[in-house]
Amino acid sequence: YHVTESGFAADIGFEKFCDLKCRYSGLTPDAVVVVATIRALKNHGGAPAPKLGHPLPEVYSKENVGFVEKGAENLLHHIGIAKKFGVSPVVCISAFFSDTPAEIARVRELCENAGARVAVSRHWELGGEGAIELAEAVIEAANEPSTFKPLFDWSMPYKERIELIAKEIY
């Protein structure tokens, strides 16, 4: 799933998938891919928001590890959500030409320290060849033994389910 501007859409989508769709389908995920961009992390970290019809603010094309690090707090939360469900997280850094090695390295370090695999994908630039690192990371994660489990039990009262989801996910 994608880390969105607020992160809310990603939270609700993954939680709904794990707690509802997996139960009804009988399927369980072997891994989850969280897609992030350095630009989105800069935005989460305090860089001025881009405005439609206006040039991209300069901070998005210059190195700023501080914005990236601050913005990664939301990304780390998403890694934690995947782990709560017992699913192996893979962070895909969907790289742009303007991303610097230091920014990418910091995201990789933070995510690996949080227990996620990390892959840089340059598929937009290099096609399939640019996504090989991501494919390999997903295969590794999917081949790990799964410990998937929904967040709550069906026998739990509705109020308790809602409180649990609110506290654990949001």
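Residues numbered from 1 in each chain as written. Predicted model: local features only at pLDDT ≥ 70, side-chain atom pairs only at ≥ 80, totals over all residues. Heavy atoms only, no water.

The strand order across the open sheet formed by three strands is E1-E2-E3, and the pairing between neighbours is parallel. Two strands lie at the open edges of the sheet, namely strand E1 (31-36) and strand E3 (117-121), each paired on one side alone. Geometrically, the sheet is characterised by an average inter-axis angle of 25° between neighbouring strands, direction not taken into account. Relative to E3, strand E2 (residues 88-94) runs parallel, the two sharing five bridges. Looking across to E3, one finds that Ile 93 is bridged to Val 120. Across the sheet, helix H3 (residues 65-84) touches E1 and E2, and the angle it forms with E2 is around 150°. Packing of helix H6 (residues 132-142) onto the sheet brings it into contact with E1, E2 and E3, and relative to E3 it is tilted by some 155°. (Pairing = 2+ DSSP bridges. Helix = DSSP H or I, 4+ residues; strand = E, 2+ residues; numbered from the N terminus. Axes fitted to C-alpha atoms, helices over the stretch in contact; angles between N-to-C directions. Contact = heavy atoms within 4.5 Å.)

One pass over the structure, following the stated rule, counts five aromatic pairs. Their ring planes at 75° and their centres at 5.8 Å tell us that Phe 152 and Trp 154 sit as a pair that is edge-to-face. According to the relative accessible area criterion, Phe 152 is buried, its value standing at 9%. By way of ring pairs, the aromatic residues Tyr 24, Phe 152 and Trp 154 are connected into one cluster. (Phe/Tyr/Trp six-rings, centres within 6.5 Å; stacked < 30°, edge-to-face > 60°. Buried < 20%, exposed > 50% of the residue type's maximum accessible area, 1.4 Å probe, protein only.)

For the rest of this paragraph, the subject is helix H4 (residues 101-113). Since there are 3.6 residues in each turn of an α-helix, residues three or four apart along the chain are aligned in direction. Helix length check: H4 (13 residues) gives 18 Å between terminal C-alpha atoms against 18 Å at 1.5 Å per residue, within 8%. Buried within H4 we find Glu 103, Ile 104, Val 107, Leu 110 and Cys 111. Each buried residue of H4 lies within a common arc of 130° when the element is viewed along its axis, so the set occupies one face. For H4, the exposed residues set more than 90 degrees away from the buried face come down to Pro 101 and Asn 113. Contacts made by the buried residues of H4 are with helix H2 (38-44), H3, E2 and E3. (Expected span 1.5 Å × (residues − 1). Arc of directions from axis to C-beta.)

Under the criterion given, the structure shown has zero disulfides. With no disulfide of its own, Cys 92 has Cys 111 as its nearest cysteine by sulfur position, at a separation of 11 Å. Relative accessible area serves as the criterion here: at 2%, Cys 92 is assigned to the buried category. We classify Cys 111 as buried; its relative accessible area is 0%. (Disulfide = S-S within 2.5 Å.)

This prediction gives the protein chain a mean pLDDT of 90; 93% of its residues lie at or above 70. The least confident element of the protein chain, judged by mean pLDDT, is helix H1 (residues 8-25) at 77; the most confident is H4 at 98. Segment residues 1-9: pLDDT under 50, and 26 contacts once partners within four positions in sequence are set aside and those in other chains are kept. (pLDDT = per-residue confidence, 0-100.)

Turning our eyes to something else, we now look at H3. Taking 1.5 Å as the rise per residue, H3 with 20 residues should run 28 Å; its terminal C-alpha atoms sit 28 Å apart, in good agreement. The sharpest bend along H3 measures roughly 35° and falls at Glu 73. Turning to H3, its buried residues are Val 68, Gly 71, Ala 72, Asn 74, Leu 75, His 78, Ile 79, Ile 81 and Ala 82. Among the residues of H3, the N-terminal cap falls to Asn 64, whose side-chain oxygen and the backbone nitrogen of Gly 66 are separated by 3.2 Å. (Bend = angle between axes of the 7 residues up to and from the residue. Polar contact = N/O pair within 3.5 Å; in protein donor to acceptor, adjacent residues only side chain to side chain.)

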